[in-house]
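Breakdown of the fold
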Amino acid sequence: MTASSKQPGDLTALTSLKGVGPRMVEKLARLNLQRVQDLLFHLPLRYEDRTRIVAIGGLHHSDRAVIEGVVEHSAISFSRSGRQRRRILMVHLADGTGAIKLRFFNFSKAQQEKLSKGKRLRCYGEVRRVTNHLEMIHPEFSEILAQAEAEAVEKQTLTAIYPATEGVHQLTLKNLIDQALALLNAKDSNFLIDYLTADDLINIPAANAIDLKSAINFIHRPPPEVQVAQLEQGQHPSQQRLAFEELLAHQLSLQQLRQKIQSQAGEALSDGAELLQAYIKQLPFELTTAQKKVIEAVQKDIAQPRPMLRLVQGDVGSGKTVVAFAACLMAVKSGRQAAVMAPTEILAEQHYQNFSLWAEQLGLTIAWLSGKTKIKQRREMLQIIKNGAANIVVGTHALFQDEVEFKHLSMVVIDEQHRFGVHQRLALKNKGVSAHQLIMTATPIPRTLAMTAYGDLDVSVIDELPPGRTPIKTVVLPEVRRPDVIQRVAAAIAEGSQVYWVCTLVEESEVLQCQAAEETQLLLQQQMPAFSIGLVHGRMKSAEKESVMQQFKNKEINLLVATTVIEVGVDVPNASLMIIENAERLGLSQLHQLRGRVGRGSAASSCVLIYSQPLSKTAKKRLAVMRETNSGFDIAEEDLKIRGPGEVLGTKQTGMMQFRIADILRDEALIPVVHQAAEKIVKQFPDLAEPIIRRWLSGAEQYGEV
Ligand code: ADP
Ligand code: MG
């Protein structure tokens, strides 16, 4: 097949499948499935091996397995969580090679009966080691009535588990994908085109090793001799083949996006030199060389009649806010507007305060817009944004809403980019103007990864902290040393310092996190009655949060207990001690972000990381890295090393991009080749870009605009 013989898209209607009517079509659309071919690219989230029964004696922590055994003992016990008593059904199952406990929190009388002593069960679940025995929590189970049934284990392939949605369950997906695979595997099928092998398009190991059809077959129905653990590594040639194509699709789409943005006539702006001088003069400090360099780069970019797309990476505390304001001034000086967007209320609010202070002396007007702005104020703000009275608008993603109309927006600054998705950037672009864009992030990532995540943006690095900062000293202490830590906090406050106390909880529920913070505040207040102890967490009203932060800034609060809401951007230079509880539960970049809240003034600062036992190997490593270095760049690199291949990116980082199979860390080696391939396609086979993008990114709203 040659590239030019490709069919006009992959187009088989879903309704041609058995069991798919108009209502199912609607439901499948929620999974972005529009054609039969899309089903083939609806890739498993993970696999389960239900093809063999594992001996209980051979189980390990975190295995997922099918086991069979006889119930030796079954009893209800109670546990206390808070004020509530919880019923627990504990079932002891044994198979002659070993024993395991099954733990159930919710169970009916009938289920209890099925799990009673003497029953033979088959269970599927995840194994956990709890102190010195093994458990499965809420395993799937069925009673084995006769020997014949014992053999009815799935033998054919590993079980793929798909992303599902309401009304489209695993079994439905399995059935539809089986039908799609049958079409793919039919003799002389022209059902799916392998673009990468067309015309020897790209000489890439990942594409040469295996053809698309085999890769797709393998991914959906791996043979039982393959180990699930091996698949989780993502290194199988079939997985790499598809990861390659997915990365390529993303790259092509980012390239199109960039081309599209930059082919729009942008507006060359004045470099704002005079206004900038006036601003810099009012600052109580000299700009660092790195800050100057970035500002100059921005000046050069915006002098061109095409939109700037620049990413600024600067460690926590490197002074990105000043750069953001400087960029805004360039738009203002040219009689245009600038918008600055931050990912959280607290951070946006803080930018607003800084900006207002600076703007006042320059005679400029700043507007403020967040999701929580009250109607009356909101109306006023929308009006001054629309009539141009507002020179700079600061806010959260509320800035994206349709009703926000700018008079003439020319500069968009996005702070802490990793919290925003690509589609949100596009939304701002849709404000009808091809504004210049400056994207700022404190999460440094290696260049190849940055290129994948952000496309071919221009990148500047602020590789220098303002002078006079003393490095933050970090100590790592076990939970039992808490009394010492409290003494240390009291001593620091007595000397006039302010302190952060960060509570983290493993519970996913925000309610519980906030409760824990409230309890900590009470406890600390009892232990240190002489000091004023404040609290800020995610469930407080924004006015409340602001007032607490303001009191902390004004030194009316000595100690601020907080959940990780303070992670990003909060700036109180007098705070010089930070305590982080359960530090072992946080990732490196999050710890680094948190720690960056201190060490902003001239006083020597320290950070105490409290951990509870037992420490996993990687947690130990993370804490050691935190103790050893203050550099965000070193930390980012260590982070990559520690997590290594196979380990998933933190949600914040993946927030910038969701892949079905590729993993930009694991597949870093593919990235340069992906770039080459993308270039070749754009130059020599431009017609291929669209179908490849469509195949991988179809329906994904963020690309609807591309
Ligand atoms: P980040 O890069 O984390 O956003 P900020 O912009 O919040 O950092 O700056 C951190 C602190 O450093 C602020 O208190 C700011 O006023 C101060 N700062 C910024 N630039 C300089 C500089 N050139 N010299 C001294 N202090 C600076
Ligand atoms: Mg910042």
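Now for a look at the structure at hand. (Residues numbered from 1 in each chain as written. Chains lettered and ligands numbered in written order. Predicted model: local features only at pLDDT ≥ 70, side-chain atom pairs only at ≥ 80, totals over all residues. Heavy atoms only, no water.)

**Comments concerning the overall build of the protein chain**
Heads up, the rule is: To qualify as a helix, a DSSP run of H or I must reach at least 4 residues; to qualify as a strand, a run of E must reach at least 2; elements of each kind are numbered from the N terminus. Buried, partly exposed and exposed residues are distinguished by accessible area as a fraction of the type maximum, computed with a 1.4 Å probe on protein chains only: under 20%, between the cut-offs, and over 50%, respectively. Every residue pair with non-hydrogen atoms within 4.5 Å of one another is taken to be in contact. Exposure was quantified through the Shrake-Rupley algorithm and a 1.4 Å probe, taking into account, for residues, occlusion by the shown protein chains and nothing else.
Across its full length, the protein chain carries 25 helices and 21 strands. Per-residue burial over the protein chain gives 53% buried out of 706 residues. Across the protein chain, every contact between residues at least 6 apart in sequence was considered, and the portion connecting residues at least 24 apart equals 76%. For the protein chain, the computed accessible surface area is about 32,000 Å², with 50% contributed by carbon and sulfur atoms.

**Overview of the pattern of salt bridges**
Operational definition: By definition here, a salt bridge exists when the distance from a side-chain nitrogen of Lys or Arg to a carboxyl oxygen of Asp or Glu is within 4 Å.
In total, this model carries 29 salt bridges according to the counting rule given. The salt bridge partner of Asp-49 is Arg-52, with a shortest N-O separation of 2.6 Å. On the basis of relative accessible area, Asp-49 is assigned to the buried category, the value being 11%. Arg-666 is the salt-bridge partner of Asp-667, the closest N and O atoms lying 2.8 Å from each other. For the pair Asp-667 and Arg-666, a shared accessibility class is recorded, and that class is buried.

**Topic: the sheet that holds strand S15 (residues 458–462)**
Condition: Strands qualify as paired when DSSP identifies two bridges or more between them. Structural elements are reduced to axes, namely lines fitted to C-alpha atoms, with helices fitted over the stretch in contact, and the angle between N-to-C directions of any two is expressed from 0 to 180 degrees.
The strand order S11-S12-S10-S13-S14-S9-S15 describes an open sheet built from seven strands, whose pairing is parallel. Looking at the sheet topology across the chains shown, the edges are occupied by strand S11 (366–369) and S15. In this sheet, neighbouring strand axes are inclined to one another by 20° on average, regardless of whether the strands run parallel or antiparallel. The sheet contact formed by S11 and strand S12 (residues 392–395) spans four bridges and is parallel. Paired with Leu-369 across the strands is Gly-395, a residue of S12. Each of strand S9 (309–314), strand S10 (337–341), S12, strand S13 (409–415), strand S14 (436–441) and S15 touches helix H12 (residues 320–333); the most contacted strand, S13, lies at about 170° to it. On top of the sheet, helix H13 (residues 345–362) reaches S10, S11, S12 and S13; it is set at about 170° to S11, its chief contact.

**What to know about the nonpolar core**
One recurring pattern in soluble globular proteins: nonpolar side chains tend to sit buried together. Note the threshold: We call a set of buried residues a nonpolar core when its members are Ala, Val, Leu, Ile, Met, Phe, Trp, Tyr or Cys and they connect through side-chain atoms within 4.5 Å of each other.
Counting 61 residues, the largest nonpolar core has Leu-39, Leu-40, Ile-216, Leu-248, Ile-692 and Trp-696 as its most contacted members. Examining the composition of this core, we find that seven residues originate from one element, helix H9 (residues 237–263), more than from any other. Ignoring sequence-local partners within four residues, the contact set of Ile-216 consists of Leu-40, Phe-41, Leu-181, Leu-184, Leu-192 and Leu-242. Among the nonpolar cores identified, the runner-up in size contains 43 residues, and Ala-327, Val-332, Ala-342 and Ile-366 belong to it.

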